[in-house]
Amino acid sequence: MRKATDAAAHPGGRPRRTGPRHDPTGVRAAYETFLGTGEPPAGVDPLVAASWRRSLRSGVDPDAPHAAAPLGRDQLADYRQGHPLAPAMPVVRELVVDAAADDGLVVAVSDETGRLLWVEGSRGLRGTVERVGFVEGAVWREESVGTNAPGTALATRRAVQVIGAEHYSRPVQELSCAAAPIHDLATGRVLGVLDVTGGPAAASNVVLSLVRATVATVERELAARATAGVRAGPDATPSGGAPDLVVLGRPTLRTVRGAQPLSLRHAEILLLLAEHPRGLGADELAVLLHPGELSDVTVRAEVSRLRRVVGPLLADSRPYRLARPLRTDAGDVRAALGRGDVRTAAGRYAPLLPRSGAPGVEALRAELAAEVRAAVLASHDLAALDAWVRGVDGTDDHAAWTRLLAVAAPGSPHAVRAGAHVALLDTELS
């Protein structure tokens, strides 16, 4: 990191400052104007301006931010040991922590609720950030501490950089930070956030690029581990083997020739045909595939292109239908629910083809989500509840977090996490 940081600096070692974001006097004046008027002046980065507004609405005190109390040492150790990001920490340390310590920077990894699980790097800077409550086990969300890179990355679901006085909290304005959310590539859900915090060096574009590159590497590493685990483990479903059609993750068709990635449109058509084994006419497919008007000619062209991809899987007949039953991972989730195995269903569930706007797919997506949620809320299964609230649909599900709090043993990591999240949701809803 040393060379990369120096490349973005003047010979004296200070980062280049170009543009209004790197004018500390102008940003600080804009910040004070905002606190007085409630409206960010022109020239403030739009992402920062939006975060200031959210921080103001949440009632954050700019002089005394209130980060949620950190977990105890033993609770934190147990919690992060079982967190999905724990296996990626050797990669984070190799790529960024070791260099950060030399460059006077701190690296933090949070969970999907903003709780800081690991804070490592420069010992000197760790003393500085600890004085403002940036410690392992504390929760750093916009609702609690205002605009900050890890909290704003969670709020916006994108990589962000917060420079100096762009922080909403005055005690933090001597620092700069860059952060990006870490996703599960199979489901798209946010697992946590990687953040680099420091002095002027953390304001450079190089640090933001490093954060993005490290997150991409971590996401690939976790995906590879998940794939290896599936290969090494027992059959994923009661009928043995993996499902033929994956629609709860990256759209994929598995055949004797191997796994084949699918375009969204092809995945939509195969899913709809799998859900209608008696077949669908071109006019029926058109209605299910597009919210407006879609001509039969367009549908026939789409099916023709799909036929070139999947070959004999599509029967050569009208209406369009599959030549054999196609097992889907969505069907496996429904089958688990049918057996009363809520834990398996919740663990395998993810939003069905989340990028699809096809009416037929949207209906299936909503139906599956409602079925899994209802089963989870009715269960006493801690693992099922935990799997649901960790997912995209459950992140802000107040009823599910409340249920988890009721089921978890008092004082346990699950109970502490659920209690903190319920409190945050109550704040947002008030």
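Residues numbered from 1 in each chain as written. Predicted model: local features only at pLDDT ≥ 70, side-chain atom pairs only at ≥ 80, totals over all residues. Heavy atoms only, no water.

1. Observations concerning the overall build of the protein
Part 1 of the reasoning: The helix and strand inventory of the protein stands at 18 helices and eight strands.
Part 2 of the reasoning: Computed over the C-alpha atoms, the radius of gyration of the protein is 24 Å, within 12% of the 22 Å expected from 2.2 N^0.38 for a compact globule of 430 residues.
Part 3 of the reasoning: Seen along its three principal axes, the alpha-carbon backbone of the protein occupies a region of about 75 × 50 × 45 Å.
Part 4 of the reasoning: Counting over 430 residues, the protein shows a buried share of 48%.
Part 5 of the reasoning: Once local pairs closer than 6 in sequence are excluded, the contacts in the protein between residues at least 24 apart make up 61%.
Part 6 of the reasoning: In the structure as shown, the protein presents an accessible area of about 19,400 Å², 54% of it carried by carbon and sulfur atoms.
Part 7 of the reasoning: For the protein, the distance from the average position of its 49 positive side-chain charges to the average position of its 49 negative side-chain charges is 4 Å. (Helix = DSSP H or I, 4+ residues; strand = E, 2+ residues; numbered from the N terminus. Rg over C-alpha atoms; globule rule 2.2 N^0.38 Å. Buried < 20%, exposed > 50% of the residue type's maximum accessible area, 1.4 Å probe, protein only. Contact = heavy atoms within 4.5 Å. Areas by Shrake-Rupley, 256 points an atom, 1.4 Å probe, with all protein chains shown as cover. Lys, Arg positive; Asp, Glu negative; His and termini not counted. Charge placed at Lys NZ, Arg CZ, Asp CG, Glu CD.)

2. Remarks on the nonpolar core
Part 1 of the reasoning: The biggest cluster of nonpolar side chains holds 53 residues, and the ones touching the most others in it are Leu-270, Leu-271, Leu-285, Leu-352, Leu-368 and Val-372.
Part 2 of the reasoning: The residues touching Leu-285, leaving out its near neighbours within four places in the chain, are Leu-272, Leu-280, Val-299, Val-303 and Tyr-320.
Part 3 of the reasoning: One finds Ala-88, Val-97, Val-207 and Val-215 within the second-largest nonpolar core, a separate group that totals 31 residues. (Core = buried A, V, L, I, M, F, W, Y, C linked by side-chain atoms within 4.5 Å.)

3. Points about the sheet that holds strand E8 (residues 258-261)
Part 1 of the reasoning: Read across the open sheet, the three strands follow the order E6-E7-E8; overall the sheet is antiparallel. Across the chains shown, the open sheet's two edge strands, defined by having one partner strand only, are strand E6 (245-246) and E8.
Part 2 of the reasoning: Alignment of strand E7 (residues 252-255) against E8, held across four bridges, turns out to be antiparallel. Considered in E8, the bridge of Leu-253 is made with Gln-260. (Pairing = 2+ DSSP bridges.)

4. Let's talk about the layout of surface pockets
Part 1 of the reasoning: The space that makes up the second largest pocket amounts to roughly 360 Å³.
Part 2 of the reasoning: Lining the second largest pocket are 18 residues, and of these Arg-141, Glu-142, Glu-143, Ala-155 and Glu-428 sit closest to its centre.
Part 3 of the reasoning: Elements supplying a minimum of two residues to the lining of the second largest pocket: helix H3 (46-57), helix H7 (142-145), helix H8 (149-156) and helix H18 (413-429).
Part 4 of the reasoning: For the lining of the second largest pocket, the residue count by class is two nonpolar, seven polar and nine charged. (1 Å grid on protein atoms, 1.4 Å probe; cavity = no way out; pocket = protein on both sides within 12 Å on 5 of 7 lines; lining within 4 Å. Points joined across faces, edges and corners; volume = space filled by probe spheres on them. Nonpolar A, V, L, I, M, F, W, Y, C, P; charged D, E, K, R; others polar.)

5. Some thoughts on empty space enclosed by the protein
Part 1 of the reasoning: One pass over the structure, following the stated rule, counts two cavities of 30 Å³ or more.
Part 2 of the reasoning: Roughly 70 Å³ of volume is contained in the largest cavity.
Part 3 of the reasoning: Around the largest cavity sit Val-129, Phe-134, Trp-140, Asn-148, Ala-149, Pro-150, His-167, Val-172, Leu-175, Cys-177, Asp-195 and Thr-197, which together line it.
Part 4 of the reasoning: Those elements that place two or more of their residues in the lining of the largest cavity are H8 and strand E5 (190-198).
Part 5 of the reasoning: Of the residues assigned to the lining of the largest cavity, the class counts are eight nonpolar, three polar and one charged.
Part 6 of the reasoning: When its volume is computed, the second largest cavity comes out at roughly 30 Å³.

6. Considerations on the sheet that holds E5
Part 1 of the reasoning: The sheet built from five strands is open, its strands ordered E2-E1-E5-E4-E3 with antiparallel pairing. Single-partner strands in this sheet number two, and they are strand E2 (116-121) and strand E3 (160-163). On average, each strand axis in the sheet is inclined to that of its neighbour by 15 degrees, with strand direction left out of account.
Part 2 of the reasoning: The sheet contacts of helix H4 (residues 73-81) involve strand E1 (106-111) and E2, and relative to E2 the element is tilted by about 95 degrees.
Part 3 of the reasoning: On the sheet, H8 packs against E1, E3, strand E4 (176-183) and E5 and is oriented at approximately 40 degrees with respect to E4. (Axes fitted to C-alpha atoms, helices over the stretch in contact; angles between N-to-C directions.)

7. Topic: the pattern of salt bridges
Part 1 of the reasoning: Applying the stated criterion to the full structure yields 21 salt bridges.
Part 2 of the reasoning: In this structure, Asp-244 engages Arg-324 in a salt bridge whose closest nitrogen and oxygen atoms are separated by 3.6 Å. With Asp-244 in the loop between helix H9 (205-232) and E6 and Arg-324 in the loop between helix H12 (296-310) and helix H13 (329-338), this residue pair connects regions lying 80 residues apart in the sequence.
Part 3 of the reasoning: The partner of Glu-302 in a salt bridge is Arg-305, with the nearest N and O atoms 3.6 Å apart. Highlighted residues: Glu-302 and Arg-305, both in helix H12, separated by three residues, approximately one helical turn.
Part 4 of the reasoning: Given a relative accessible area of 17%, Glu-302 falls into the buried group.
Part 5 of the reasoning: Look at Arg-305 and you get partly exposed, because its relative accessible area is 38%. (Salt bridge = Lys/Arg side-chain N within 4 Å of Asp/Glu carboxyl O.)

8. Things to note about the packing of helix H10 (residues 264-275) against helix H15 (residues 359-378)
Part 1 of the reasoning: Put simply, H10 and H15 touch, their axes get as near as 10 Å, and they point 65 degrees apart. Every pair of crossing elements has a handedness; the one defined by H10 and H15 is left-handed. On H15, the residues touching Glu-268, Leu-271, Leu-272 and Glu-275 of H10 are Gly-360, Val-361 and Leu-364. (Left-handed = near helix turned anticlockwise from the far one by under 90°.)

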